[in-house]
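Structural overview
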There are 2 protein chains.
Amino acid sequence: MKAERAQYAKAEYELAAFTKAIAHPARIAILNILAKHNTCICGQIVDGLPLAQATVSQHLKALKNAGLIKGSVSGPKSCYCINWDAFEAFKLGFNQLFSQLNTARAANCC
Amino acid sequence: MKAERAQYAKAEYELAAFTKAIAHPARIAILNILAKHNTCICGQIVDGLPLAQATVSQHLKALKNAGLIKGSVSGPKSCYCINWDAFEAFKLGFNQLFSQLNTARAANCC
DNA sequence: TTCTTTTATCGTAAATCTACGATTAATATT
DNA sequence: AATATTAATCGTAGATTTACGATAAAAGAA
């Protein structure tokens, strides 16, 4: 792999990180579960997924690292919920990047 | 790896596929270039990226496979442009999945 | 204290991704 | 026809991701 010798724009890195975090059906399913509850839920996530507990924990970690969910662990229980602010930030970044959408579209396109 | 024994919702697969396609700064940079031109551009993409031609071609292929860009190859030249319809579809799916955003947010959250 | 429950972490195997140089393919150009 | 240009494809090395079982940790219940 190339030694990351050149760069992209900051916004590009950020959007890539965000989309990478949700680029897996299991993680989207987790977000769905959290969104439906719209409150902190403790456990119950593993039950709704076709994955081993360790794997779900791993996915949760990924989502948390990306800032998409918030979680408070207290002893044997963990509570997770969606970090809506992060999603709003993403929405903004996404729209900024592709603001042309819904306005002008190329007519002379393939 | 588990033998994919269980599934997620169709919408979850689709959104995951979409986000996976743009989960890389190089591919977002490509989309940016295309969005700025807002018309078919032939080549010029490699020049704007810190990657080898083969790698860029690979990324273009990924974007095309995901349906995010359209491309017409004619001999030694290739023309690419953004498939805006796909982006609108994504926007829809994304908002569907997280429609709670901007409406009710959990007060009793972590 | 000992057991149970819940979840994170460790170690690891297999799959996928990312990058590259080299080559091939398809046209233009000379 | 021979050469040059442009971009796709091939083969491949190394990194990352994804999944799992096993284990550890943390706290409540017995």
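Being a predicted model, the structure only gives us computed values, none of them experimental.

A few words now on the overall build of chain A. A tally of helices and strands in chain A yields four helices and three strands. Counting helices and strands in the order they occur from the N terminus, chain A gives α-α-β-α-β-β-α. Accessible surface computed for chain A: about 5,900 Å², of which carbon and sulfur atoms make up 53%.

Let's shift gears to the pattern of salt bridges. All names here are of chain A. This model, assessed by the stated rule, comprises two salt bridges over all chains. Note that Lys10 and Glu14 form a salt bridge whose closest N and O atoms lie 3.8 Å from each other. Residue Lys10 and its partner Glu14 are both found in helix α1 (residues 10-21); the two are separated by four residues, about one turn of the helix. The exposed category is assigned to Lys10, whose relative accessible area is 63%.

Now for the sheet that holds strand β3 (residues 77-82) of chain A. Residues and elements named next belong to chain A. Spatial ordering of the open sheet is given by β1-β3-β2, a layout of three strands whose pairing is antiparallel. At either margin of the open sheet sits one strand with a lone partner, and together these are β1 (41-42) and β2 (69-74). Here β1 pairs with β3 via two bridges, running antiparallel. In the strand pairing of β3, Cys42 is matched with Cys79.

The end-to-end C-alpha separation of helix α4 (residues 84-97) of chain A is 20 Å, in line with the 20 Å expected for 14 residues at 1.5 Å each. Turning to α4(A), its buried residues number three or more, namely A:Trp84, A:Ala86, A:Phe87, A:Phe90, A:Phe94 and A:Leu97. Buried residues of α4(A) fall within an arc of 155° about the axis and therefore sit on the same side. What points out from α4(A), more than 90 degrees from its buried face, is the exposed set A:Leu92 and A:Gln96. Those residues of α4(A) that are buried lie in contact with α1, α2 (25-37) and β3 of chain A together with α2 (25-37) and α4 (84-97) of chain B.

Moving on, we get to the packing of aromatic side chains. Summed over all chains, the structure comprises 14 aromatic pairs over all chains. Where A:Trp84 meets A:Phe87, the ring centres are 6.2 Å apart and the plane angle is 50°; that geometry is what we call tilted. Taken together, the positions of A:Trp84 and A:Phe87, both in helix α4 and three residues apart, correspond to about one turn of that helix. For the residue pair A:Trp84 and A:Phe87, the accessibility class agrees, reading buried in each case. Ring plane angle 35° and centroid distance 6.3 Å describe the contact between A:Phe87 and B:Phe94, whose orientation is recorded as tilted. Residue A:Phe87 is located in helix α4, and its partner B:Phe94 is located in helix α4; the two belong to separate chains. Residues A:Phe87 and B:Phe94 agree in their burial class; the two are buried. Members of the aromatic cluster, each reached through a chain of ring pairs, are A:Phe18, A:Trp84, A:Phe87, A:Phe90, A:Phe94, B:Phe18, B:Trp84, B:Phe87, B:Phe90 and B:Phe94.

The next point concerns the packing of α4(A) against α4(B). Contact pair α4(A) / α4(B): the axes reach a minimum separation of 13 Å and the direction vectors enclose 170°. By the angle between their axes, α4(A) is roughly antiparallel relative to α4(B). Across from A:Phe87, A:Phe90, A:Lys91, A:Phe94 and A:Asn95 in α4(A), the residues of α4(B) making contact are B:Phe87, B:Phe90, B:Lys91, B:Phe94 and B:Asn95. Partitioning the contact of α4(A) with α4(B) into residue classes produces six nonpolar, two polar and two charged.

This part is about the nonpolar core. Judged by nonpolar contacts, the single largest core of 61 residues is most densely connected at A:Leu31, A:Ile45, A:Leu68, A:Phe98, B:Leu31, B:Ile45 and B:Phe98. For B:Phe98, the contacting residues outside a window of four places in its chain are A:Leu31, A:Ala35, A:Ile82, A:Trp84, A:Phe87 and B:Leu15.

It is a general feature of regular strands that their side chains alternate between the two faces of the sheet. All names here are of chain B. As defined by bridge partners, strand β2 (residues 69-74) adjoins strand β3 (residues 77-82) across six bridges and the pair is classed as antiparallel. When the sheet's bridge partners are listed, Lys70 is paired in β3 with Cys81. Linking β2 back to β3 in an antiparallel pair, the connection comprises two residues, with Gly75 at a positive phi of about 70°.

Criteria and thresholds
- Residues numbered from 1 in each chain as written.
- Chains lettered and ligands numbered in written order.
- Predicted model: local features only at pLDDT ≥ 70, side-chain atom pairs only at ≥ 80, totals over all residues.
- Heavy atoms only, no water.
- Helix = DSSP H or I, 4+ residues; strand = E, 2+ residues; numbered from the N terminus.
- Areas by Shrake-Rupley, 256 points an atom, 1.4 Å probe, with all protein chains shown as cover.
- Salt bridge = Lys/Arg side-chain N within 4 Å of Asp/Glu carboxyl O.
- Buried < 20%, exposed > 50% of the residue type's maximum accessible area, 1.4 Å probe, protein only.
- Pairing = 2+ DSSP bridges.
- Expected span 1.5 Å × (residues − 1).
- Arc of directions from axis to C-beta.
- Contact = heavy atoms within 4.5 Å.
- Phe/Tyr/Trp six-rings, centres within 6.5 Å; stacked < 30°, edge-to-face > 60°.
- Axes fitted to C-alpha atoms, helices over the stretch in contact; angles between N-to-C directions.
- Parallel < 35°, antiparallel > 145°, perpendicular 65-115°, else oblique.
- Nonpolar A, V, L, I, M, F, W, Y, C, P; charged D, E, K, R; others polar.
- Core = buried A, V, L, I, M, F, W, Y, C linked by side-chain atoms within 4.5 Å.

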